[in-house]
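Architecture at a glance
Below, each chain spelled out in residue letters.
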Amino acid sequence: VFRDSEHAEEFRGARIGDEEHRLEWDELHKQFLAKFESLLEGFIEREGGDFGSFLDECRSSLDDEFCALFEEDINKDFVERVLATMEYPYFHALMAREAHERFGAAPKGK
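Read on for a plain summary of the structure. (Residues numbered from 1 in each chain as written. Predicted model: local features only at pLDDT ≥ 70, side-chain atom pairs only at ≥ 80, totals over all residues. Heavy atoms only, no water.)

1. Some words on the overall build of the protein
Here is the rule we go by: Only DSSP runs of H or I reaching four residues or more are called helices, and only runs of E reaching two or more are called strands; each is numbered from the N terminus. For every residue, the accessible area (1.4 Å probe, protein chains only) is compared with the maximum for its type, and the residue is labelled buried under 20%, exposed over 50%, or partly exposed between those bounds. Whether two residues are in contact is decided by their heavy atoms, any of which lying within 4.5 Å being enough.
A count of helices and strands for the protein gives 5 helices and 0 strands. Tracing the protein from N to C terminus, the helices and strands come up as α-α-α-α-α. Looking at the protein as a whole, 29% of its 110 residues qualify as buried. The contacts of the protein with a sequence gap of at least 6 include a subset with a gap of at least 24, amounting to 67%.

2. Brief notes about helix 5 (residues 88–103)
In plain terms, the rule: Multiply 1.5 Å by the residue count of a helix minus one, and that product is the helix's expected span.
Taking 1.5 Å as the rise per residue, helix 5 with 16 residues should run 22 Å; its terminal C-alpha atoms sit 22 Å apart, in good agreement. Regarding helix 5, the residues found buried are Phe91, His92, Ala93, Met95, Ala96, Glu98 and Ala99. Directly beyond the C-terminal end of helix 5, a positive phi value near 80 degrees is found at glycine 104.

3. Observations regarding the packing of aromatic side chains
So the rule is basically this: Pairs were defined over the aromatic rings of Phe, Tyr and Trp, the Trp ring being its six-membered one, requiring ring centres within 6.5 Å. Orientation was assigned from the angle between planes: stacked under 30 degrees, edge-to-face over 60, tilted for the rest.
In total, this model carries 6 aromatic pairs according to the counting rule given. Between phenylalanine 11 and tryptophan 25, the ring centres sit 4.9 Å apart and the planes meet at 15 degrees, which makes this aromatic pair stacked. Here phenylalanine 11 is found in the loop between helix 1 (7–10) and helix 2 (23–46), whereas its partner tryptophan 25 is found in helix 2, with 14 residues between them in sequence. Each member of the pair, phenylalanine 11 as well as tryptophan 25, is classed as buried. Centroid distance phenylalanine 11 to phenylalanine 91: 5.8 Å. Interplanar angle 80 degrees. Geometry classified as edge-to-face. A residue pair is termed long-range when its members are at least 10 positions apart, and phenylalanine 11 in the loop between helix 1 and helix 2 and phenylalanine 91 in helix 5 qualify at 80 residues. Put simply, the rings of Phe11, Trp25, Phe32, Phe36, Tyr88 and Phe91 pair up and form one aromatic cluster.

4. Looking at the pattern of salt bridges
A side chain of one charge can pair with a side chain of the opposite charge when the charged atoms of the two come close. Defined as follows: Any carboxyl oxygen of Asp or Glu that lies within 4 Å of a side-chain nitrogen of Lys or Arg is treated as forming a salt bridge with it.
Under the definition given, this model contains 7 salt bridges. Between aspartate 56 and arginine 59 there is a salt bridge; the shortest N-O distance is 2.9 Å. Here aspartate 56 and its partner arginine 59 are both found in helix 3 (residues 51–62), 3 residues apart, which amounts to about one turn of the helix. One continuous salt-bridge network, built from bridges that share partners, spans Glu10, Arg22 and Glu24.

In structure tokens form, the structure reads like this:
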């Protein structure tokens with residue numbers, strides 16, 4: 001979502017696993033989430049779907065709502081991975097790696 005943007009510059013010197021993070025990174029994460037959601041919603045609608053229904057289906061998948069006892073929804077792994085990409089630690093690691101690729105910043109922590 002931010003891959004070819006100027007935001008990688010903000011993460012120059014960021015280290016994956018460090019405990020201290022700049023406040024600006026939290027704001028960039030919020031922007032990332034808004035853009036990600038907008039892109040996902042647009043894609044779903046272009047494909048003839050409804051974003052609200054998509055979210056309902058995701059919740060159902062996570063809850064194994066339509067599965068037999070002791071079975072998991074076949075989409076559960078996919079939904080969990082999409083949700084993981086929206087978590088701050090994943091976002092921070094992604095941006096730190098991008099900064100490393102573009103500017104040579106150290107991607108690993110202490």
